[in-house]
Amino acid sequence: MRRAASAAIAGSILTVKATTRWQTLNSTAAEQAWAGKTPAIVAFWHNRLAMMPVCWPSREPFHMLISSHPDGQLVARAIGHFGIGAIAGSSTRGGSDALRALVRRLKAGESIGITPDGPRGPRMRAGEGAIALARLSGAPVLPVSVSVSRRKVLGTWDQLIVPLPFGRGAVVWGNPITVPGDADTTTISNLAGQLELTLNTISAEADRLVGHEAMSPADTPLTNQENVDARA
């Protein structure tokens, strides 16, 4: 049943990919990673997960951090149809093992994908995991977002977007974020705020390009440093 469900999900994504009129902004930011010259930590919001296979048009190795929960493993099987590998783990399950596996992949020259607000939220609020991984591996964080005009938004914690075929699509890349190897806790917090702001900005732009209003982050109080980053 799980194999059948994953095949159905993959088939649905393939149909959307083939029948959608796509436009891409700032793709030059990703060209080094696509060419296998500079491995990157591709960061995107959890609610865009179902659309992410369209963002990696390269045959260079790419792996995504997926929750070890059974639902996550269903997603892992589905993205496997696109040649995307999966590393099981999250901030709450298998975190340390997953972190070591991600660092090994990056140091081997392979790019990885990560959701800074996964696996449980709050929605569209960046944790520090992607930035900490960049400090350990030396790889830049590469923000990306994608949206489609025809979609269904589920009532899940992340407001998961289910793409539908025969519409318009937009992929928007942000500029890479480099993290110094000696970054302290304050720097990591600042850069996490920068990543959150960038992801929300490019997500709003992707939504605008296909005719939707911007989706809002979870209504949680900002930290003092996030307020500083937002004003900056």
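On a predicted model such as this, the values are computed, not experimentally measured, just so you know.

Visitor: So what's going on with the overall build of the protein? Residues and values would help.
Guide: Assigned secondary structure in the protein consists of 7 helices and 9 strands. Radius of gyration (C-alpha) of the protein: 17 Å, near the 17 Å computed for a compact globule of 232 residues. Considering only C-alpha atoms, the protein reaches an extent of 45 × 35 × 35 Å along its principal axes. Scored against the burial criterion, the 232 residues of the protein give a buried share of 46%. Once local pairs closer than 6 in sequence are excluded, the contacts in the protein between residues at least 24 apart make up 76%. Total accessible area on the protein stands at roughly 11000 Å², and carbon and sulfur atoms take up 52% of it.

Visitor: Before we move on, can you summarise helix α6 (residues 185–209) with the specific residues and values?
Guide: Along its 25 residues, α6 runs 36 Å from first to last C-alpha, staying within 8% of the 36 Å computed at 1.5 Å per residue. A positive phi of about 95 degrees marks Gly211, the residue just after α6.

Visitor: Please set out the sheet that holds strand β1 (residues 21–25) residue by residue, giving values where relevant.
Guide: Reading across the sheet, the 7 strands line up as β1-β9-β6-β2-β5-β3-β4 and stay open at both edges, with mixed pairing between neighbours. The open sheet has two edge strands with one neighbour each: β1 and β4 (85–88). Between one strand axis and the next, the sheet turns by 25 degrees as a mean value, whatever way the strands run. As judged from the 5 bridges shared by strand β6 (residues 141–148) and strand β9 (residues 168–173), these two strands associate in the antiparallel manner. Bridge pairing links Val148 to Gly169 in β9. The strands touched by helix α5 (residues 129–137) are β2 (41–43), β5 (111–114) and β6; relative to β2, the strand with the most contacts, the crossing angle is about 170 degrees. Across the face of the sheet, α6 comes into contact with β1, β2, β6 and β9 while running at roughly 25 degrees to β6.

Visitor: An account of empty space enclosed by the protein is requested, with residue identities and associated values reported.
Guide: Following the criterion strictly, the structure yields 1 cavity of 30 Å³ or more and no others. Put simply, the largest cavity is a space of about 40 Å³. Split into classes, the residues belonging to the lining of the largest cavity amount to 8 nonpolar, no polar and no charged.

Visitor: Describe in detail the pattern of salt bridges, supporting the description with residues and values.
Guide: One pass over the structure, following the stated rule, counts 6 salt bridges. Across the pair Arg100 and Asp97 runs a salt bridge, and its minimum N-O distance is 2.3 Å. A residue pair is termed a helical-turn pair when its members lie 3 or 4 positions apart in one helix, as Arg100 and Asp97 do in helix α4 (residues 95–107) at 3 residues. Judged by its relative accessible area of 47%, Asp97 falls in the partly exposed class. Across the salt bridge formed by Asp207 and Arg151, the nearest N and O atoms sit 3.3 Å from each other. With Asp207 in helix α6 and Arg151 in strand β7 (residues 151–153), this pair connects stretches of sequence that are 56 residues apart. Arg151 carries the same exposure label as Asp207, and that label is buried. Through salt bridges with shared partners, one network takes in Arg48, Arg151 and Asp207.

Visitor: I'd like a description of the packing of aromatic side chains, backed by residues and values.
Guide: Tallying each qualifying case throughout the model produces 2 aromatic pairs. Consider the rings of Trp56 and Phe62, whose centres lie 4.4 Å apart with planes at 15 degrees: the pair is stacked. Assigned by exposure class, Trp56 and Phe62 land together as buried.

Visitor: Describe the packing of α5 against α6, listing the residues and the values that go with them.
Guide: At a minimum axis separation of 8 Å, α5 and α6 run at an interaxial angle of 120 degrees. With respect to α6, the axis of α5 lies oblique. As for the relative orientation of α5 and α6, their crossing is right-handed in sense. For the pair formed by α5 and α6, the contact residues are Ala130, Ile131 and Arg135 on the first element and Ile188, Leu191, Ala192 and Leu195 on the second. Among the residues forming the contact of α5 with α6, the class breakdown is 6 nonpolar, no polar and 1 charged.

Procedures and definitions
Counting of residues starts from 1 at the beginning of each chain's written sequence and follows it residue by residue. The model is predicted, so local features are restricted to residues of pLDDT at least 70 and side-chain atom pairs to those at 80 or more, both for listing and for counting; the totals for chains, interfaces and linings are taken over all residues. Here the side-chain values reflect all heavy atoms present in the structure, with hydrogen atoms and water set aside. What counts as a helix is a DSSP run of H or I of at least four residues, what counts as a strand is a run of E of at least two, and both are numbered from the N terminus. The globule rule used here is 2.2 Å times the number of residues to the 0.38 power, and the radius of gyration it is set against is calculated over C-alpha atoms. Only protein chains enter the accessibility calculation, which uses a 1.4 Å probe. A residue is then buried if its area is under 20% of the maximum for its type, exposed if over 50%, and partly exposed in between. Only heavy atoms enter the contact rule, under which two residues are in contact if any of them lie within 4.5 Å. Each accessible area is a Shrake-Rupley estimate made with a 1.4 Å probe; only the visible protein chains count as cover when residues are assessed. Helix span is expected to be 1.5 Å times the residue number reduced by one. Pairing between strands is defined by DSSP: at least two bridges between the two strands are required. Between N-to-C directions, angles cover 0 to 180 degrees, with each direction set by a line fitted to C-alpha atoms, over the stretch in contact for helices. Only protein atoms enter the 1 Å grid, on which a cavity is a set of points fitting a 1.4 Å probe that cannot get out and a pocket is an open set with protein on both sides within 12 Å along at least 5 of 7 lines, lining residues being those with an atom within 4 Å of a point. Grid points are joined across faces, edges and corners, and a volume is the space filled by probe spheres set on the points. Three classes are used, and their members are as follows: Ala, Val, Leu, Ile, Met, Phe, Trp, Tyr, Cys and Pro are nonpolar, Asp, Glu, Lys and Arg are charged, and the others, Gly among them, are polar. Each reported salt bridge corresponds to a side-chain nitrogen of Lys or Arg within 4 Å of a carboxyl oxygen of Asp or Glu. In summary, the pairing rule links any two rings of Phe, Tyr or Trp, Trp by its six-membered ring, whose centres are within 6.5 Å, and it sorts them by plane angle into stacked for under 30 degrees, edge-to-face for over 60 and tilted for everything else. An angle counts as roughly parallel when it lies under 35 degrees, as roughly antiparallel when it exceeds 145, as roughly perpendicular when it falls between 65 and 115, and as oblique in every other case. Helix crossings get a hand from a simple test, with the near helix turned counterclockwise from the far one by less than a right angle marking a left-handed crossing and a clockwise turn marking a right-handed one.

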